[in-house]
Amino acid sequence: MAQPEGNERQRLRPAPLLFEPSEAAADPEHFFDLESMEDPTELLARATELTLAFRAATDRAVEFQAVAAAQLADPRRFDRLTAAEIAGRAEWTEDYAKKMIEFGRSLLDAPAP
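Residues numbered from 1 in each chain as written. Predicted model: local features only at pLDDT ≥ 70, side-chain atom pairs only at ≥ 80, totals over all residues. Heavy atoms only, no water.

## Some points on the pattern of salt bridges
Heads up, the condition is: One side-chain nitrogen of Lys or Arg within 4 Å of one carboxyl oxygen of Asp or Glu is enough to make a salt bridge. Only protein chains enter the accessibility calculation, which uses a 1.4 Å probe; a residue whose area is less than 20% of its type maximum is buried, one above 50% is exposed, and one in between is partly exposed.
Under the defined criterion, the tally for this structure stands at 6 salt bridges. One salt bridge in this structure joins arginine 76 and aspartate 74, with 2.7 Å as the shortest N-O distance. Among the residues examined, aspartate 74 registers a relative accessible area of 16% and is labelled buried.

Here you go:
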């Protein structure tokens, strides 16, 4: 899971994800209005923006998962959870939970930019 360097991460500002109206979301063929675009250049540009935005959102969400896992496993907590318990809650394997806990600890220990 390669992480961009601090400055590179701040430069990556893909197109914002806009929430679709519930009527559009109910239509399985509708996806951020891409199906209505006829110009392939415009379609490629918007689809690429969405791909980058989803990747950035995924990376950010994984970081939050790791931080939460590290906080839940913190030995200073009286109600701390084991890696197995965290794995069960997040639907991970125990080995993956251990890696996420360590990743989360590294994020929590990193100096703020």
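## A closer look at helix α3 (residues 40-72)
Quick note on the threshold: The numbering of helices and of strands both runs from the N terminus, where a helix is a DSSP run of H or I of at least 4 residues and a strand a run of E of at least 2. For a helix, the expected span equals 1.5 Å multiplied by the residue count minus one. Throughout this description, a polar contact denotes any pair of N or O atoms lying within 3.5 Å of each other; where both atoms belong to protein, one of them has to be capable of donating a hydrogen while the other can accept it, and for residues adjacent in sequence the pair is counted only when both atoms sit in side chains.
Helix length check: α3 (33 residues) gives 47 Å between terminal C-alpha atoms against 48 Å at 1.5 Å per residue, within 8%. For α3, every residue scored as buried is listed here: Arg46, Leu50, Ala53, Val62, Glu63, Ala66, Val67, Ala69 and Ala70. The residue sitting at the N-terminus of α3 and contributing the capping side-chain oxygen is aspartate 39; that oxygen lies 3.1 Å from the backbone nitrogen of threonine 41.

## Quick notes on the environment of alanine 69
Summarising the element assignment, alanine 69 is placed in helix α3. With relative accessibility at 2%, the residue alanine 69 sits in the buried group. The sequence separation of alanine 69 and lysine 98 amounts to 29 residues, and the corresponding C-alpha distance is 8.8 Å.

## A short note on the packing of α3 against helix α5 (residues 94-109)
Note the threshold: As a rule, the C-alpha atoms of each element are fitted with a line to give its axis, helices using only the stretch in contact, and angles between N-to-C directions run from 0 to 180 degrees. Here roughly perpendicular refers to angles of 65 to 115 degrees, roughly parallel to angles under 35, roughly antiparallel to angles over 145, and oblique to all remaining angles. Any two residues whose heavy atoms approach within 4.5 Å at even a single point are treated as in contact.
Between α3 and α5, the shortest axis-to-axis distance is 7 Å and the interhelical angle comes to 95°. Looking at the two axes, α3 sits roughly perpendicular to α5. Across the interface between the two elements, Val62, Glu63, Gln65, Ala66, Val67, Ala69, Ala70 and Gln71 of α3 pack against Met100, Ile101, Phe103, Gly104, Arg105, Leu107 and Leu108 of α5.

## Points about the confidence of the model for the protein chain
The cut-off we apply is this: Note on scores: pLDDT gives the predictor's confidence for each residue, bounded by 0 and 100.
Of all residues in the protein chain, 75% have pLDDT values of 70 or greater, and the mean over the chain is 83. Across residues 6-11, where pLDDT falls below 50, the model places 4 contacts with residues more than four positions away in sequence or in other chains.

## Quick look at the nonpolar core
Among soluble globular proteins, nonpolar side chains are generally buried collectively. So the rule is basically this: What we call a nonpolar core is a set of buried Ala, Val, Leu, Ile, Met, Phe, Trp, Tyr and Cys residues that are connected through their side-chain atoms within 4.5 Å.
Counting residues in each nonpolar core, the largest one holds 13 residues, and the members touching the most others are Ala69, Ile86, Trp92, Ala97, Met100, Ile101 and Phe103. At the level of secondary structure, the elements contributing two or more residues to this core comprise α3, α4 (83-90) and α5. With 4 residues, α5 is the largest single contributor of residues to this core. With residues near it in sequence (within four places) discarded, alanine 69 still touches Ile86, Trp92 and Ile101.

## A word on unusual backbone geometry
The backbone of glutamate 91 shows a phi angle near 60°, a positive value even though the residue is not glycine. The exposure class assigned to glutamate 91 is exposed, which follows from its relative accessible area of 75%.

## Description of α4
Our working definition: The arc refers to the directions leading from the helix axis to the C-beta atoms.
Listed as buried for α4 are Ala83, Ile86 and Ala87. Along the axis of α4, the buried positions cluster into a sector of 105°, meaning they face one direction only. Turned more than 90 degrees from where α4 packs its buried face, Gly88 and Arg89 sit exposed. Packing partners of the buried residues in α4 comprise α3 and α5. Positioned one or two residues after α4, glutamate 91 has a phi angle of 60°, which is positive.

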